[in-house]
Amino acid sequence: MKPNFSLRLRVFNLNCWGIPYLSKHRAGRMERLGDLLNLESFDLALLEEVWSEQDFQYLRQKLSLTYPAAHYFRSGIIGSGLCVFSKHPIQEITQHVYTLNGYPYMIHHGDWFCGKAVGLLVLHINGLVLNAYVTHLHAEYSREKDIYLAHRVAQAWELAQFIHHTSKKADVVLLCGDLNMHPKDLGCCLLKEWTGLHDAYLETQDYKGSEEGCTMVPKNCYVSQQDLGPFPCGIRIDYVLYKVVSGFCISCKSLQTTTGCDPHSSTPLSDHEALMATLYVRHSPPQQNPTPTQGPAERLPLISLLKEAWTELGIGIAQARWWATFAGYMIGMGLLVLILLSVLAAGEVASEVAVLLWTPSVGLILGAGAVYLFHMQEAKGLCRAQAELHHVLGRAKKTQELGPEPEVAELLGQQAENRVEQ
């Protein structure tokens, strides 16, 4: 690879809001999306909420000349909704479905049925190895009473770990998607601190788009005030994040978003705004004085985030166990009622009433049993994430007290090293 090597990457990301039978003007919006992608000819287009595989096949056919490589990530009952289109050949593809995805009995939310996941594709571009990730985390339906906060924190940690363990051979790491988290939310901060990823909106040299980079704005006719909650001016929950390994530097030359209205159409592309980023990757000259390993002061933000995440998962575990215990009591009550009904049915007194109440009692036991099993599984998933956090937190504290171990120093020093190279 030449010393003056430079690579330009143009990236497109959009949550398409493509729910069959429910999303307004879906077919027309997909058609206009295909026209835009063909016109702009990005290197990569990463999409979320393409819930219909027919929509993916339509886009694949429409974009086949401009984007020869494409993939649809399948998971859950409905599907992950994730898909990618690439001008460059895809060398490897894999995906990881998040352990926790909400609650199956919250049918009106539907996240559990989707099987939220992260998709990974590996590209080789001019000798560079690019790991591109696309994801969609659990939605936040209420800012004040967020019953899914522990799930989303667990997903953010799981995503960070997946990126960390699968990107060791990559030169460039790119993450796009709808994180359903504000920039200063716990899960978002933990993800960026642990992986060392940079936020294109904060790093770009030239930004054009909605105010403060918001990706859900009141100007969008598909967005209601209820969607924005206590943020009437808009929210930023969709991201383009990136980093490079040692020996390279990366910069975001420009970032552009749509602004809630399409000058060529009466309706926007989606209820979310699209992100269009131009990244430049170059060789980084060898450093005369390598960056020292992060000291105790620099490690404090990560340690604080790990503690906060550990606490939040602990709250989620306590709630999951409470529901499992409650369901256990309901199972016991149902069994007692069944025994009583069996005694009554065996005798002549109230036998007909006992037979009529038999079916509801069995239904109660089966329903409570399903709730018990689900919340026990939820508790174990949260415990697993908490145990990983506890292990990392313990090693980080030990490193802070005794000096850096090689591996821990590498993990904790990633972000500082990448910033210096940039």
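Residues numbered from 1 in each chain as written. Predicted model: local features only at pLDDT ≥ 70, side-chain atom pairs only at ≥ 80, totals over all residues. Heavy atoms only, no water.

K.L.:
Please clarify how the overall build of the protein should be interpreted in this entry.
P.N.:
Secondary structure summary: the protein contains ten helices and 13 strands in total. By the burial criterion, 51% of the 422 residues in the protein qualify as buried. In the protein, the proportion of contacts linking residues at least 24 apart, taken out of those at least 6 apart, comes to 75%. When the accessible surface of the protein is split by element, carbon and sulfur atoms take 59% of a total near 20100 Å². (Helix = DSSP H or I, 4+ residues; strand = E, 2+ residues; numbered from the N terminus. Buried < 20%, exposed > 50% of the residue type's maximum accessible area, 1.4 Å probe, protein only. Contact = heavy atoms within 4.5 Å. Areas by Shrake-Rupley, 256 points an atom, 1.4 Å probe, with all protein chains shown as cover.)

K.L.:
Explain the pairing of strand β12 (residues 248-257) here, please?
P.N.:
The two faces of a sheet get side chains in turn, since along a regular strand they alternate between them. Where burial is concerned, most of β12 is hidden: seven out of the ten residues are buried. Examined bridge by bridge, strand β10 (residues 207-208) and β12 share two bridges and lie parallel to one another. Note on β12: the bridge partner recorded for Y207 is L255. (Pairing = 2+ DSSP bridges.)

K.L.:
What am I meant to see in the pattern of salt bridges here?
P.N.:
Pairs can form between side chains of opposite charge whenever their charged atoms are close. By the definition in use, this model includes twelve salt bridges. Among the salt bridges present, the one from R143 reaches D185, with a minimum N-O distance of 2.8 Å. Here R143, found in the loop between β7 (128-136) and α4 (149-166), pairs with D185, found in the loop between β8 (172-178) and α5 (186-195); they are 42 residues apart in sequence, far enough to count as distant. Where K192 meets D199, a salt bridge forms, and the shortest distance between an N and an O atom there is 3.8 Å. Each of the salt bridges in this network shares a partner with another, and the network as a whole consists of E140, R143, D146, R152 and D185. (Salt bridge = Lys/Arg side-chain N within 4 Å of Asp/Glu carboxyl O.)

K.L.:
Explain the sheet that holds β8 to me, please; I cannot follow it from the model alone.
P.N.:
Strand pairs in the sheet, formed through backbone hydrogen bonds, run parallel or antiparallel to each other. Taken together, six strands build an open sheet; the order of strands is β5-β6-β7-β8-β11-β9 and the sheet is mixed. Across the chains shown, the open sheet's two edge strands, defined by having one partner strand only, are β5 (90-97) and β9 (198-199). Alignment of β7 against β8, held across seven bridges, turns out to be parallel. Across the sheet, residue V134 finds its bridge partner in β8, namely C176. Across the sheet, α4 is in contact with β5, β6 (117-125), β7 and β8; its angle to β7 comes to roughly 165 degrees. (Axes fitted to C-alpha atoms, helices over the stretch in contact; angles between N-to-C directions.)

K.L.:
Looking at this model, I keep getting lost on the sheet that holds strand β3 (residues 69-73). Mind explaining?
P.N.:
Strand order in the open sheet formed by seven strands is β3-β4-β2-β1-β13-β12-β10, and the pairing between neighbours is mixed. Looking at which strands have only one partner, the edges of the open sheet turn out to be β3 and β10. Where strand β1 (residues 6-18) and strand β13 (residues 275-283) come together, eight bridges link them in antiparallel fashion. Paired with S6 across the bridge in β13 is R282. Sitting on the sheet, helix α1 (residues 26-40) is in contact with β1 and β2 (44-50), with an inclination near 175 degrees to β1.

K.L.:
Even after reading the chapter, I still don't get the packing of α1 against helix α2 (residues 53-62), so can you show me in this structure?
P.N.:
In a packed pair of helices, the relevant descriptors are the angle between the two axes and the axis-to-axis distance. Between α1 and α2, the shortest axis-to-axis distance is 10 Å and the interhelical angle comes to 30 degrees. Here α1 is positioned roughly parallel relative to α2, judged by the angle of their axes. Here α1 and α2 pass one another in a crossing that is right-handed. Here α1 contributes R26, M30, E31, L33, G34, D35 and N38 to the contact with α2, which in turn contributes D55, Y58, L59 and K62. (Parallel < 35°, antiparallel > 145°, perpendicular 65-115°, else oblique. Left-handed = near helix turned anticlockwise from the far one by under 90°.)

K.L.:
Could you clarify how one ought to interpret the side chain of Q155 in this entry?
P.N.:
Its location among the elements puts Q155 in helix α4. Among all residues touching Q155, those that are not within four sequence positions of it are Y98, L100, N101, K116, L137 and H138.

K.L.:
Honestly, α5 in this entry has me stumped. Any pointers?
P.N.:
Because an α-helix packs 3.6 residues into every turn, residues spaced three or four apart end up facing the same way. Taken across its ten residues, α5 has eight buried, putting it largely inside the fold. If you check which residues of α5 are buried, you get L186, G187, C188, L190, L191, K192, W194 and T195. Count one or two residues on from α5 and you reach G196, which has phi positive near 80 degrees.

K.L.:
I would appreciate a short explanation of α1 in the present structure.
P.N.:
End to end, α1 covers 21 Å across 15 residues, agreeing with the expected 21 Å (1.5 Å per residue, within 8%). Along α1, the residues that are buried comprise R29, M30, R32, L33, G34 and L37. Structurally, α1 contributes buried residues whose contacts are with β1, β2 and α2. S41 lies just past α1 and shows a positive phi near 50 degrees. (Expected span 1.5 Å × (residues − 1).)

K.L.:
Before we go on, may I ask you to explain the environment of H264 in this structure?
P.N.:
Tracing the sequence through the fold places H264 in the loop between β12 and β13. Along the sequence, H264 and R32 sit 232 residues apart, while their C-alpha atoms lie 9.9 Å from each other.

K.L.:
I tried to follow the packing of α4 against α5 on my own but got confused; where do I start?
P.N.:
Their axes nearest at 9 Å, the elements α4 and α5 cross at an angle of 15 degrees. By the criterion of interaxial angle, the relationship of α4 to α5 is roughly parallel. In this structure, α4 meets α5 at a crossing whose hand is right-handed. In this structure, α4 contributes V153, A156, W157, L159, A160, Q161, I163 and H164 to the contact, and α5 contributes L186, G187, L190, L191, W194 and T195. Across the contact of α4 with α5, the residue classes break down as ten nonpolar, four polar and no charged. (Nonpolar A, V, L, I, M, F, W, Y, C, P; charged D, E, K, R; others polar.)

K.L.:
Looking at this structure, I do not really get the packing of aromatic side chains. What am I missing?
P.N.:
Think of a pair of aromatic rings as described by two things: how far the centres are apart, and how the planes are tilted against each other in angle. Under the defined criterion, the tally for this structure stands at 16 aromatic pairs. A centroid spacing of 5.4 Å and a plane angle of 40 degrees characterise the contact between W157 and W194, whose relative ring orientation is tilted. With W157 in helix α4 and W194 in helix α5, the pair connects residues that are 37 residues apart, well separated along the chain. With respect to class, W157 is no different from W194; both count as buried. (Phe/Tyr/Trp six-rings, centres within 6.5 Å; stacked < 30°, edge-to-face > 60°.)

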